[in-house]
Amino acid sequence: MDFENTAGFAAALDKEDPLAPYRERFHFPRIGGRDVIYFTGNSLGLQPKAADSFVAEVMQDWKSLAVEGHFKAEKPWWTYHERLRGPLASIMGALPEEITVMNTLTVNLHLLMVSFYRPDAKRYKILCEEKAFPSDQYMLKSQLRFHGLDPEEALVEVPRRNGGHHWHTEDVLSAIAEHADSLALVLIGGVNYYNGQVFDMEAITRAGRQAGAMVGWDLAHAAGNIPLKLHEWGVDFASWCSYKYLNSGPGNASGVFIHERHLNREDLPRFEGWWGTRKETRFLMRPDFEPADSADAWQLSNPPILSLAPFLASLELFQEVGMDALVAKSRKLTAYLEFVLQEIDAQVESRFEVITPEARGCQLSVFLHGEGRPLFDYLMEQGVIADWREPNVIRLAPAPFYCSFTDMYRFGQILKEGILKGRA
Ligand SMILES: *Cc1c(COP(=O)(O)O)cnc(C)c1O
């Protein structure tokens with residue numbers, strides 16, 4: 001499609017955008033009397049307007065039913081988390097029984113390691129991408145040390161090629177082949193948080209499993225952003241947070257995927273709690289653990305219903321729209337943002353460098369060579385909420401649920417003004 005960097009063209013794209021009405025379903029912060037241009041849905045998604053009433057419903061049930069709310073609320077609390085399973089299964093490309101919601105992401109990765117990282121003398125290495133999200137690095141290294149292993153030796157970090165900005169699938173595959181005999185686990189961020197790159201999860205999962213390793217994915221930046229087929233790809237396990245593209249609210253509960261072939265396995269160790277038992281017999285309070293026949297077997301505690309309420313509100317929007325429509329808009333919107341950046345780059349003779357490769361979701365990470373913090377401060381003052389990493393990388397994630405083509409055009413104009421002002 002031939003784009004134009006004009007207000008009229010952007011407005012025309014918004015007019016033909018079937019998702020445009022969904023912008024109204026979210027609360028936008030306001031700066032200078034107008035809605036901000038929100039590029040940080042990859043960090044914390046905006047609040048769905050429906051979230052309030054979902055939370056109010058739980059507060060009301062608690063007020064009027066107290067403990068009876070567990071079974072007598074209109075949305076009973078003891079099965080509340082099951083309402084999230086169907087919508088999450090569609091988003092993640094999973095069977096409903098492969099999904100559960102519990103705890104938070106880093107906690108879940110640690111818990112999943114109990115089942116899926118069981119090093120022995122021969123197979124003990126973990127393979128990940130270099131410079132993984134810090135929490136993932138801490139998690140992996142502490143797991144290795146917990147098992148008495150030295151991360152220097154047992155953690156294989158695949159580098160970006162030639163010190164460049166992204167990873168090559170072949171490099172990941174050849175690292176898997178090289179360490180095949182000693183590899184216990186492959187665990188990578190499916191979408192890299194820094195450069196926005198989407199890894200070839202299907203090919204890497206296949207190669208890891210063929211090598212005899214378990215393959216898990218951290219999908220923090222993938223869930224609700226890109227199409228996923230975790231079941232079909234044969235992924236062993238995955239976890240993701242819900243407060244980024246899934247718009248569930250700050251620090252909210254995390255999702256977990258466990259492949260069908262690992263459900264109901266008696267040989268798989270697991271840390272257990274009462275919420276992992278079959279719900280039919282749970283309240284008989286028996287001494288023996290009778291696992292649920294779904295990913296719920298990994299649940300420990302009864303979940304925080306007040307947190308699940310806004311999460312459910314958001315997932316209902318995802319159900320209504322579907323990932324196909326979101327991804328279609330995301331591709332077009334991100335392409336338009338890239339086009340606008342190129343146009344502004346040419347107009348101000350700057351040196352923008354998009355470091356996000358073709359395999360991407362909705363995030364563009366851009367080096368603004370020669371620019372610095374004052375430009376970022378100017379953008380913020382003008383109502384552009386973006387993420388700035390020193391020295392001069394800006395991360396822009398136009399989430400398709402609520403960002404418009406006009407936002408991209410306006411951002412370009414504000415960026416241009418900011419750069420020209422900085423030079424004056
Ligand atoms: C956001 C993010 C996290 C955050 O972890 P929490 O446990 O939710 O605080 C972890 N890993 C990756 C890759 C992330 O992007």
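See the structure shown above.
It should be emphasised that the depicted structure is a prediction, and the values quoted were computed from it without experimental measurement.

Asker: Explain the overall build of the chain to me, and be specific about the residues and the numbers.
Answerer: Within the chain one finds 15 helices and 17 strands. Its C-alpha radius of gyration of 23 Å places the chain within 12% of the 22 Å reference for a compact globule of 424 residues. The C-alpha extent of the chain, read off along each of the three principal axes, is 75 × 60 × 35 Å. Evaluated residue by residue, the chain yields a buried proportion of 57% over its 424 residues. As displayed, the chain has an accessible area near 18100 Å², and 52% of this comes from carbon and sulfur atoms. A distance of 2 Å separates the average location of the 43 positive side-chain charges in the chain from that of its 57 negative side-chain charges.

Asker: A description of the sheet that holds strand S6 (residues 99-102) should follow, citing residues and the corresponding values.
Answerer: Spatially, the 7 strands line up as an open sheet ordered S6-S12-S11-S10-S9-S7-S8, and their pairing is mixed. Two strands in the sheet have a free side with no partner beyond their single neighbour: S6 and strand S8 (155-158). Ignoring strand direction, the axes of neighbouring strands in this sheet form an average angle of 20°. As defined by bridge partners, S6 adjoins strand S12 (residues 254-258) across 4 bridges and the pair is classed as antiparallel.

Asker: So what's going on with the packing of helix H1 (residues 7-15) against helix H15 (residues 405-423)? Residues and values would help.
Answerer: Contact pair H1 / H15: the axes reach a minimum separation of 7 Å and the direction vectors enclose 160°. One finds that H1 runs roughly antiparallel with respect to H15. Between H1 and H15, the contacting residues are Ala 7, Ala 10, Ala 11, Leu 13 and Asp 14 on the first element and Phe 405, Thr 406 and Tyr 409 on the second. Residues belonging to the contact of H1 with H15 are distributed by class as follows: 6 nonpolar, 1 polar and 1 charged.

Asker: Could you give an account of the site of the ligand, with specific residues and numbers?
Answerer: As a structural note, the neighbourhood of the ligand is formed by Leu 105, Thr 106, Phe 133, Asp 136, Asp 218, Ala 220, His 221, Tyr 243 and Lys 244. Within the side chain of Tyr 243, an N or O atom sits 2.5 Å from an oxygen atom of the ligand. Lys 244 has a polar side-chain atom sitting 2.5 Å from an oxygen atom of the ligand. Here the ligand loses 84% of its free accessible area of 390 Å² to cover by the protein chains. Across the shell around the ligand, the residue classes tally to 4 nonpolar, 2 polar and 3 charged.

Asker: Give a description of helix H9 (residues 201-210) that names residues and reports values.
Answerer: For H9, every residue scored as buried is listed here: Met 201, Ala 203, Ile 204, Thr 205, Ala 207 and Gly 208. If you follow the buried residues of H9, they end up packed against helix H8 (169-178), strand S9 (183-189), strand S10 (214-218) and helix H10 (230-233). Remark: Gly 212 follows H9 within two positions and exhibits a positive phi of approximately 95°.

Asker: With reference to specific residues and values, describe helix H2 (residues 51-65).
Answerer: In a regular helix each residue adds 1.5 Å, so 15 residues correspond to 21 Å; H2 covers 21 Å between its end C-alpha atoms and thus fits that length. What H2 keeps buried is the set Ala 51, Phe 54, Val 58 and Asp 61. Projection of H2 onto a plane perpendicular to its axis shows the buried side chains occupying an angular sector of 100°, all on one side. Facing away from the buried side of H2 by over 90 degrees, the exposed positions are Asp 52 and Lys 63. Looking one or two residues beyond H2, the residue adopting positive phi is Ala 66, at roughly 45°.

Conventions adopted
- Residues numbered from 1 in each chain as written.
- Predicted model: local features only at pLDDT ≥ 70, side-chain atom pairs only at ≥ 80, totals over all residues.
- Heavy atoms only, no water.
- Helix = DSSP H or I, 4+ residues; strand = E, 2+ residues; numbered from the N terminus.
- Rg over C-alpha atoms; globule rule 2.2 N^0.38 Å.
- Buried < 20%, exposed > 50% of the residue type's maximum accessible area, 1.4 Å probe, protein only.
- Areas by Shrake-Rupley, 256 points an atom, 1.4 Å probe, with all protein chains shown as cover.
- Lys, Arg positive; Asp, Glu negative; His and termini not counted.
- Charge placed at Lys NZ, Arg CZ, Asp CG, Glu CD.
- Pairing = 2+ DSSP bridges.
- Axes fitted to C-alpha atoms, helices over the stretch in contact; angles between N-to-C directions.
- Parallel < 35°, antiparallel > 145°, perpendicular 65-115°, else oblique.
- Contact = heavy atoms within 4.5 Å.
- Nonpolar A, V, L, I, M, F, W, Y, C, P; charged D, E, K, R; others polar.
- Near = heavy atom within 4 Å.
- Polar contact = N/O pair within 3.5 Å; in protein donor to acceptor, adjacent residues only side chain to side chain.
- Expected span 1.5 Å × (residues − 1).
- Arc of directions from axis to C-beta.

Functional significance is not addressed by these values, which are geometric in nature.
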